[in-house]
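So the chains spell out like this:
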Protein chains: 2
Amino acid sequence: MLFCDITYINAQYEVIEHAWIGTSGSRISYIGSAAPEKATDYGRAYDGRGKLLINGFFNAHSHSGMGLLRGYGENMALDDWLHKRIFPFEAHLSSEDVYWGSLLCCAEMLRYGIVGTTDMYMFTNGMGDAFRDGGVKANFCIGAADFEGRAYRDMPQCRETLQAIEKYHNSEDNRIKVDFSMHAEYTSQEKMVRSLAEVAQEHGHNIQVHVSETVKETEECRQRHHGLSPTAYLAQCGIFDVPATAAHCVHVTPDDIDILREKSVTVATCPKSNLKLASGVAPILDMLKAGVNVALGTDSVASNNNLNFIEEMRIFSLLHKGISGDPTAITPAQALHIASKAGAVSQGRKDCGSIEIGNRADLLVLDVNRPHMKPAHNLLHNLIYAASGDDIVLTMVDGIVRYENGDWPHLDIEKIYAQVDKSCQRIISSL
Amino acid sequence: MLFCDITYINAQYEVIEHAWIGTSGSRISYIGSAAPEKATDYGRAYDGRGKLLINGFFNAHSHSGMGLLRGYGENMALDDWLHKRIFPFEAHLSSEDVYWGSLLCCAEMLRYGIVGTTDMYMFTNGMGDAFRDGGVKANFCIGAADFEGRAYRDMPQCRETLQAIEKYHNSEDNRIKVDFSMHAEYTSQEKMVRSLAEVAQEHGHNIQVHVSETVKETEECRQRHHGLSPTAYLAQCGIFDVPATAAHCVHVTPDDIDILREKSVTVATCPKSNLKLASGVAPILDMLKAGVNVALGTDSVASNNNLNFIEEMRIFSLLHKGISGDPTAITPAQALHIASKAGAVSQGRKDCGSIEIGNRADLLVLDVNRPHMKPAHNLLHNLIYAASGDDIVLTMVDGIVRYENGDWPHLDIEKIYAQVDKSCQRIISSL
């Protein structure tokens, strides 16, 4: 594909007008201020006038399999929400339900410009098949939990993960990766945690874990573990000795932040979910100041309730300005970095996250010829503070168009809607 | 128009499926669970399957004339932003510039489902003509400011407002109304404030005013006025003895909240703007508990930077859950009320803001056959927490379709873009 005479945002987050960007196979192969000599080598020519090209977004924390639960429990205290709505519904989920819920989320992610997701749920076959068919990059895992004092390597979640690695890891031209995971400190015992860290190191895979989402879990961890915070405890158990993504980190101390930086842990902050569940506001500015790799996550659609990443990026930006009292906090370039490159880094995808020759062609086209994008004093400002998720008219992953103008070439969207409804009806009728 | 077999949200904020809603002239004339007997009386039949019908939104605080300034100054401290970017640009604005900027905002408002706006800026002719041509309901005003100790009735802003009342008030079948206004306590002297209150009472018009947007203005007011807060001071000067809309009210005390309730002042809260400019978070839950009429405003696109009211409603809802620590705060029904009926009430439009027979036909159709609106456990939940502003595929004001599927039947959108660019170029080149 050759994007012709288009405005794009480069790896330094500068707005460059009148550019030609070509892709060959899965990669970006041409960037110039004029058409390449043999333009036809790049295949389809795309008229870029009135459009903005940016790199795709990376969603650093998500549970796509919860696609069936959007809007199912609302406006409830956390315990009621979990115990009266989420857990009873989840108890009836099959691998096939997770497949259809995840595929719905893949469609939504592509529509909203997410090209890669870091995803934790259950049923590796349902998840893996959904990401294979869904067309997004995914680092997926099942979050292990243990209340019985087992070693991770003796648990079914370990066996399932190892099987998933065999079946899916680095499949689809490296688009799909399998991570290890424990759900959280408060849903596991130390033996499992230490054993998980060992197994992940043996295999050299990433770990995903929830950390300090609420005050309650953070305080209870200190009681259980001789005053250690979840961050300090997990570090001591070796969880951060492999590349790790710690979701939330709302209630972390300066000492925790030091650990996260030293261990190169990615913090996947989920501002909308944290607000919606009233968990609090993560000290992101302190993390950024310390040099922590902060990436952005949606969490699930049950607590968000969408995967609209431009909306997530905007709320992230505005929230931290507002809470800090500093309107200069989170620059537009920082916001875009956190929404794209930082997430790609966390997934171990070094050739992703920015528009550079040789990088993966994970590209979004936005239609900026719309009232809310006028005037265009600075299109980066408009992108961060004014754009809509629906301005994205084309999403390309690894050089393949996966969404364009309301259509997903590889998906039967009406069938997905029907299967999602069918699963929901079956589950609700059996509750 | 007859919306056939559509799901709608009624005046009690219940989701009603399979409804037929008819309009005749500017009003809603039929609501039923089956087609009316003489369906053809209602004109065009609209297939409502897969769609959601809701009442249009009312934007309780806005400065549409600032349409040219979107994204012009970003990521700056408030003083720098105002003095280095906004004021120098504004000094070059003409009435014609304000017309085009306002018309751009009208297009955006209609696209995002805003049917009525409470609007403060300058150049009544530019504003009035833009709202006349733009097709939205507007209560508009010019915010008076005085540092010379003048009486309002001797000021040019008074004369201009009285002329605007002659020319525009209750024109376009009552669609356009002219309010009185003072910009804020910190930009006026007591003589003007008291005189404005008298003039507004004589004419029986509403007043618009900014109140306690920042800590600084609130503290300085106390120094200037014997310890009185802006709310207490304005009340003492008689400003709240007419129907008044107080924008922001971020830094108000429990005593202030009592005054606002007693005087039936509408608080126009602007959560996105307050976050972006780092002004703080208004104590909205306290206001609601006290029984204050809280409505929702966007503020201008220079500090928001869009008029996407579903996004505003979402951020409003999530922010107050998150800040209060109570995930049950701001129910979906409350959020929708605040975004629609509460704003209509503040504008003195008793026949607006809810879908009821005899009310004005200010209606929005949302396409809910999209991934982020699936599954549909509860469409009110999906509307508040998942919908996108772009799901709005039709906006009707007073029975007239003003936006449908990317088109504004009464506007030449490309001409508006061109005129906005032309104005911006002229102003920037003369700075």
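Residues numbered from 1 in each chain as written. Chains lettered and ligands numbered in written order. Predicted model: local features only at pLDDT ≥ 70, side-chain atom pairs only at ≥ 80, totals over all residues.

Would you mind going over the overall build of chain A with me for this structure?
A tally of helices and strands in chain A yields 16 helices and 17 strands. Computed over C-alpha atoms, the radius of gyration of chain A comes to 21 Å, within 12% of the 22 Å expected from 2.2 N^0.38 for 431 residues, which places it in the range of a compact globule. For the C-alpha atoms alone, the extent of chain A along its principal axes is close to 65 × 45 × 45 Å. Counted over contacts in chain A with a minimum sequence separation of 6, partners at least 24 positions apart contribute 73%. (Helix = DSSP H or I, 4+ residues; strand = E, 2+ residues; numbered from the N terminus. Rg over C-alpha atoms; globule rule 2.2 N^0.38 Å. Contact = placed C-beta atoms within 7 Å.)

Can you walk me through the interface of chain B and chain A in this structure?
Interface size is often expressed as the accessible area that is lost when the parts come together. Contacts between the two partners involve 54 residues from chain B, matched on the other side by 54 residues from chain A. Taken together, the elements giving at least two residues each to the side of chain B that touches chain A come down to helix 2 (95–111), helix 10 (271–276), helix 12 (309–324), helix 15 (379–385) and helix 16 (413–429) of chain B. Ranked by the residues each element gives to the side of chain B that touches chain A, the list is headed by helix 12 of chain B, at seven residues.

Please clarify how the pairing of strand 11 (residues 207–211) of chain A should be interpreted in this entry.
Remember that side chains alternate between the two faces of the sheet whenever the strand is regular. All names here are of chain A. For strand 11, the buried fraction is high: five of the five residues fall into the buried class. Burial along strand 11 is two-sided: I207, V209 and V211 facing one way and Q208 and H210 facing the other are all buried. Bridging between strand 10 (residues 180–184) and strand 11 involves three bridges; their strand directions are parallel. When the sheet's bridge partners are listed, A184 is paired in strand 11 with H210. One crossover worth recording links strand 10 to the parallel strand 11 by way of helix 6 (residues 190–203), and it is right-handed. Across five bridges, strand 11 lies against strand 12 (residues 244–248) in parallel orientation. Within strand 12, the residue paired with H210 across the bridge is A247. (Buried ≥ 20, exposed ≤ 12 C-beta atoms within 10 Å, placed from the backbone. Pairing = 2+ DSSP bridges. Right-handed = clockwise from strand over helix to strand, strands pointing away.)

Is there a simple way to think about the relation of the copies chain B and chain A in this case?
Structural alignment of chain B on chain A gives an RMSD of 0.0 Å, achieved by rotating through 180° and translating 0.0 Å along the axis. Put plainly, the chains are arranged around a two-fold axis. No C-alpha of chain B approaches the rotation axis more nearly than that of D390 of chain B, which lies at 3.2 Å. A share of 100% of interface residues in chain B that are also interface residues in chain A marks the association as one of identical surfaces. (Least-squares fit on C-alpha atoms with pLDDT ≥ 70 in both.)

What's the story with the environment of R70 of chain A in this structure? I'm lost.
Counting through the fold element by element, R70 of chain A comes out in the loop between strand 6 (57–62) and helix 1 (78–90). Among the residues examined, R70 of chain A registers 33 C-beta atoms within 10 Å and is labelled buried. Sequence separation of R70 of chain A and G135 of chain A is 65 residues, and the distance between their C-alpha atoms is 21 Å. Not counting residues within four places of it along the chain, the set of residues in contact with R70 of chain A comprises V301, A302 and N305 of chain A together with P375 and A386 of chain B.

Would you take a moment to explain the sheet that holds strand 10 of chain A for this structure?
In any sheet, the strands associate via hydrogen bonds between backbone groups, in a parallel or an antiparallel arrangement. Residue and element names in this part refer to chain A. Pairing is parallel across the open sheet formed by five strands, whose spatial order is 10-11-12-13-14. A strand with exactly one partner marks an edge of an open sheet, and here the two such strands are strand 10 and strand 14 (293–296). Between one strand axis and the next, the sheet turns by 25° as a mean value, whatever way the strands run. In this structure, strand 13 (residues 266–269) lies alongside strand 14, joined through four bridges in parallel fashion. Its bridge partner lying in strand 14, V267 is registered against V294. Contacts from helix 6 reach strand 10 and strand 11 within the one sheet, and its direction differs from that of strand 10 by about 160°. (Axes fitted to C-alpha atoms, helices over the stretch in contact; angles between N-to-C directions.)

Just to check I follow, could you spell out helix 13 (residues 332–339) of chain B for this structure?
Note: α-helices contain 3.6 residues per turn, so residues at a spacing of three or four share the same orientation. Residue and element names in this part refer to chain B. Burial of helix 13 is extensive: six of the eight residues sit out of reach of the surface. Of all the residues in helix 13, the buried ones are P332, A335, L336, H337, I338 and A339. The secondary structure elements touched by the buried residues of helix 13 are strand 1 (2–9), strand 6 (57–62), strand 14 (293–296), helix 12, helix 14 (341–346) and helix 15.

Where do I start with the domain arrangement of chain A in this structure?
Residue and element names in this part refer to chain A. As assigned here, chain A comprises domain 1 (2–55 + 361–404) and domain 2 (57–346). Distance between the C-alpha centres of domain 1 and domain 2: 29 Å. Every contact between the two is made by 19 residues of domain 1 and, on the other side, 23 residues of domain 2. Where the side of domain 1 that touches domain 2 is concerned, the elements lending two or more residues are helix 15 (379–385), strand 16 (392–397) and strand 17 (400–404). (Domains from an automatic or database assignment.)

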